[in-house]
Amino acid sequence: MSTIGFAFRRFWNSEAGPKTVHFWAPTLKWGLVIAGLNDLKRPVEKLSGTQSLSLLATGTIWSRWSFVIRPKNYLLASVNFFLACTASAQVMRMINYRLENGDDWKQACKYLVTSKPSVESKQDQPLIDKQALT
């Protein structure tokens, strides 16, 4: 048996190999990371703060848990690490956007949870002053 055949057979029969959920769950979870990377192109106003916070929490918790469970699942750890990274990038984008539009830190953090702006942003203001027209 060749070295490649031996390595493949060892991978195939491992506790976290493709015959188990320990392989397929993290493999399919990469879809969330890809979606998060695609969301980097979306306007900040269209992002969900609660979704980003929950993905950040999930990624952080499961990254740690991947090393506690048996078998240690490095594939699960890696996908959750990158999930936390993409979610934290989205959270920082939302916070920076709110700070640039006049919110303070407390209001920006509240916006993440409620998605309701505390201060009317520049983009939320009408282009024409309606009172000046009357």
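Residues numbered from 1 in each chain as written. Predicted model: local features only at pLDDT ≥ 70, side-chain atom pairs only at ≥ 80, totals over all residues. Heavy atoms only, no water.

Q: Any details on the overall build of the chain? Residues and values, ideally.
A: Secondary structure summary: the chain contains six helices and zero strands in total. A total of 134 residues make up the chain; the buried ones form 28% of that total. For the chain, the proportion of contacts with a sequence separation of at least 24, taken over those separated by at least 6, is 54%. (Helix = DSSP H or I, 4+ residues; strand = E, 2+ residues; numbered from the N terminus. Buried < 20%, exposed > 50% of the residue type's maximum accessible area, 1.4 Å probe, protein only. Contact = heavy atoms within 4.5 Å.)

Q: I'd like to hear about the environment of Gly49, residue by residue, with values.
A: Residue placement: Gly49 occurs in helix α3 (residues 49–65). The spacing of Gly49 and Thr114 is 65 residues in sequence and 7.7 Å in space, taken between C-alpha atoms. With near-sequence residues (within four places) excluded, Gly49 lies in contact with Met94, Leu112 and Ser115.

Q: Let's hear about the pattern of salt bridges: which residues, and what values?
A: Summed over the entire model, instances satisfying the criterion amount to two salt bridges. A salt bridge links Arg42 to Asp39, with the shortest nitrogen-to-oxygen separation between them at 3.9 Å. When its relative accessible area of 35% is taken as the criterion, Arg42 is described as partly exposed. Measuring nitrogen to oxygen at the nearest pair gives 3.0 Å for the salt bridge that ties Asp103 to Arg98. (Salt bridge = Lys/Arg side-chain N within 4 Å of Asp/Glu carboxyl O.)

Q: Residue-level account of the packing of helix α4 (residues 74–100) against helix α5 (residues 105–114), with values.
A: Think of two packed helices as two axes; the pair is described by the angle between the axes and how far apart they sit. Where α4 contacts α5, the two axes come as close as 9 Å, and the packing angle between them is 130 degrees. In terms of orientation, α4 and α5 fall into the oblique class. Between α4 and α5 lies a crossing whose hand is right-handed. Contacts between α4 and α5 involve Val91, Met94, Ile95, Arg98 and Leu99 on the former and, on the latter, Trp105, Ala108, Tyr111 and Leu112. Grouping the amino acids of the contact of α4 with α5 by side-chain chemistry returns eight nonpolar, no polar and one charged. (Axes fitted to C-alpha atoms, helices over the stretch in contact; angles between N-to-C directions. Parallel < 35°, antiparallel > 145°, perpendicular 65-115°, else oblique. Left-handed = near helix turned anticlockwise from the far one by under 90°. Nonpolar A, V, L, I, M, F, W, Y, C, P; charged D, E, K, R; others polar.)

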